[in-house]
Amino acid sequence: MSENEQLKQAIEYAVSAGYQLDLEAFQFLSTIAEKENPTNLMEQAIKYLRDKGEKQVFIGKELLEKIAKEKVPSFFEEQEKVALAISETTVISQAKKRFKPLAREIPSKIKVIEDPTDKISATGELEEYLEYFRDRFNRLRKILLQRMDTRDAVNSIRSAYSASPNTRLKIIGMVTEKKETKQKILLKIEDLDTSITVLVPRNASRQLMEKARLLLHDQVICVSAVKLRNNLLIAEDIIFPDIPQRTPKKASEPVYAVLISDLHVGSKTFLREEFRNFILWLNGKYGNAKMREIAGQVKYLVVAGDIVDGIGVYPEQLKELLIPDIYKQYELASMFFEQIPDYIEVIVIPGNHDASRKALPQPALSREYAEPLYEKRPLKMLGNPAVVELHGVEFLLYHGRSIDDVVVSAPNISFQQPEKAMRLLLQCRHLAPIYGAKTPIAPETKDFLVIERIPDVFHSGHVHVMKYENYRGTLLVNSGTWQEKTLFQEKMGLEPTPGIVPIVNLQTLEVQTISFI
Ligand code: D5M
Ligand code: FE
Ligand code: ZN
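Since this is a predicted model, take the numbers as computed values, not measurements.

Colleague: Tell me about the coordination of the zinc ion (ligand 3), and name the residues and values.
Modeller: When a metal holds four donors in a tetrahedron, each ideal angle between them is 109.5 degrees; when it holds six in an octahedron, the ideal angles are 90 or 180 degrees. Distances from the zinc ion (ligand 3) to its protein donors, Asp306 (OD), Asn352 (OD1), His399 (NE2) and His462 (ND1), fall within 2.2 to 2.3 Å. Coordination of the zinc ion (ligand 3) draws on donor residues from a single chain, spaced D-x45-N-x46-H-x62-H in sequence. A spacing of 3.2 Å is found between the zinc ion (ligand 3) and the iron ion (ligand 2), which share Asp306 as a donor. Here Asp306 is found in the loop between β10 (298-304) and α11 (326-337), whereas its partner Asn352 is found in the loop between β11 (345-349) and α12 (371-376), with 46 residues between them in sequence. Overall, the relative accessible area of 1% leaves Asp306 in the buried class. The class of Asn352 is buried, set by a relative accessible area of 11%.

In structure tokens:
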């Protein structure tokens, strides 16, 4: 039965029992209809009146509200929380006096370098998958060939077939099989034409053995090997595309970028008080003098996805939702976002819980569902992944779904070490190297997930653990979460680190953190 039919039924029930509803009561019934069957509510209201011996024939909003409050407290909790977010508005606007943010005087410098939003075209035809894989392989091959130590790689696996036995050669291929048996590892690598078997022998160096053990499916590598008589290669080294040691670009002015992700607004476990304090801090209204000084230099706020908890993202999610309506989730999120000082540039990409398609690359948040966010305050909405330059510093923004797959595959990386997974992605020069695991990938003609450009800052989220490290000059940051541990994470043994915010000084790329917990 639709909500309208349910409403009609409730009213018919009241009328047949000899009661009438005023307009306010009717409006209340329709707002609560998605949470509670209005006929049930009406039955209880009438029972209440009869039990008390009341003679009234009008049923007003107050009575329905009273009954509903006992029946569906979560509806009221939601309303109260929205109200709390709004009342904060007044606090902020009244208290802006003494805070003189330096960042207000510095114009923002923002340049979008890559954004998949308007370039998405995949329909899911078989031919598209083939083309996608060709593009993935060719791009990664090209990146590999930029290294000094791979320049002498042979053109193709087929040309290795004709090399005479005992020749040393380097071959580029995608890892399609990996089998470990009795201390040796057998790999199958493929290019666009054919495949070959590579043996990492028992007597290989520990270093090589370890590298081979950590190889991910579908990763593109260069193998340095000796060819045996029967088209078998004995590996001597494995070369990842990787990134070279380099000096990152830095800003010439004293500005900071604050990195956050995984708010999960709408979930019962969204830490709204803590997030509100964070917003207050941005406004110079929270924390000690030092914290306020930092706040005054914040020019950019980057949000790496999972703004809301969404609906139907995982089984039985409803039980964990405070607001089971995605539009309303964005509405509440927008109440927080509109409190961010206007001189701060806010950059937003979607995550797997947001209103965007689920397969990577994801276009920017859907205007239809996330409308309140688009309306309240200017935000730079980009797709996932995206590359953007902030004050001359190049950021690779990626929500981080594939970190789950990397953690499951790589024996030496845990959920508590997202920075290690991010390092491995950079070494593979691909944001989702494993194909066909949990991360859905759309067969676009261009592989947007290849890490073509070396970022100065690589920002991800998703695993809800705040960690950062410097890898060969690139700053890797996983920005944690604003959601408390969920039941699922409890079962998985995942320990989130909510409410801790990494702040990047764009002049030095140094990170400091502030905890709002
Ligand atoms: O994911 C947050 C983290 O929790 C991420 O590491 C995946 C894990 N997670 C959460 N829910 C699930 C389910 N249902 N299956 C598998 N893994 C899960 P986020 O996308 O932010 O909820
Ligand atoms: Fe998340
Ligand atoms: Zn996520």
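Colleague: For the packing of aromatic side chains, give the residues involved together with the corresponding values.
Modeller: For the structure shown, the criterion picks out 14 aromatic pairs. Aromatic side chains Phe275 and Phe278 sit 5.5 Å apart centroid to centroid with 35° between the ring planes, which places their arrangement in the tilted category. In this pair, Phe275 and Phe278 are both assigned in helix α9 (residues 272-282), three residues apart and thus about one turn of the helix distant. A relative accessible area of 2% means that Phe275 is categorised as buried.

Colleague: Outline unusual backbone geometry, supporting the account with residue identities and numerical values.
Modeller: Most of the time, phi is negative for any residue but glycine, and the peptide bond is trans. A cis amide bond links Leu360 with the next residue in sequence, Pro361, at an omega value of -10°. Among the structural elements, Pro361 can be located in the loop between β11 and α12. The amide bond that connects Asn384 to the next residue, Pro385, takes the cis arrangement and shows omega of 5°. Here Pro385 shows up in the loop between β12 (380-381) and β13 (386-390). The backbone phi angle of Asp262 is positive, close to 55°, even though this residue is not glycine. As for its placement among the helices and strands, Asp262 is situated in the loop between β9 (256-260) and α9. Backbone geometry at His464 places phi at a positive 65°, although glycine is not the residue there. Structurally, His464 is set in the loop between β15 (457-460) and β16 (466-471). Relative accessible area serves as the criterion here: at 3%, His464 is assigned to the buried category.

Cut-offs used in this document
Chains are numbered independently. Their residues run from 1 in the order of the written sequence. Chain A is the first chain written and ligand 1 is the first ligand written, with later ones labelled in order. Totals for whole chains, interfaces and linings use every residue, but because this is a predicted model, local features are given only for residues with pLDDT of at least 70 and side-chain atom pairs only at 80 or more, for both listing and counting. The side-chain numbers reported here are obtained from all heavy atoms of the structure, hydrogens and water having been left aside. Atoms are scored as donors when they are N, O or S and lie within 2.8 Å of the metal, with 3.2 Å used for Na, K and Ca; no water is included, so coordination may look incomplete. A run of H or I in DSSP becomes a helix once it reaches four residues, and a run of E becomes a strand once it reaches two; helices and strands are each numbered from the N terminus. Residue exposure (1.4 Å probe, protein chains only): buried if accessible area is under 20% of the type maximum, exposed if over 50%, otherwise partly exposed. Any pair of Phe, Tyr and Trp rings, taking the six-membered ring for Trp, is counted once the centres come within 6.5 Å. Such a pair is stacked with planes under 30 degrees apart, edge-to-face with planes over 60 apart, and tilted for the rest.

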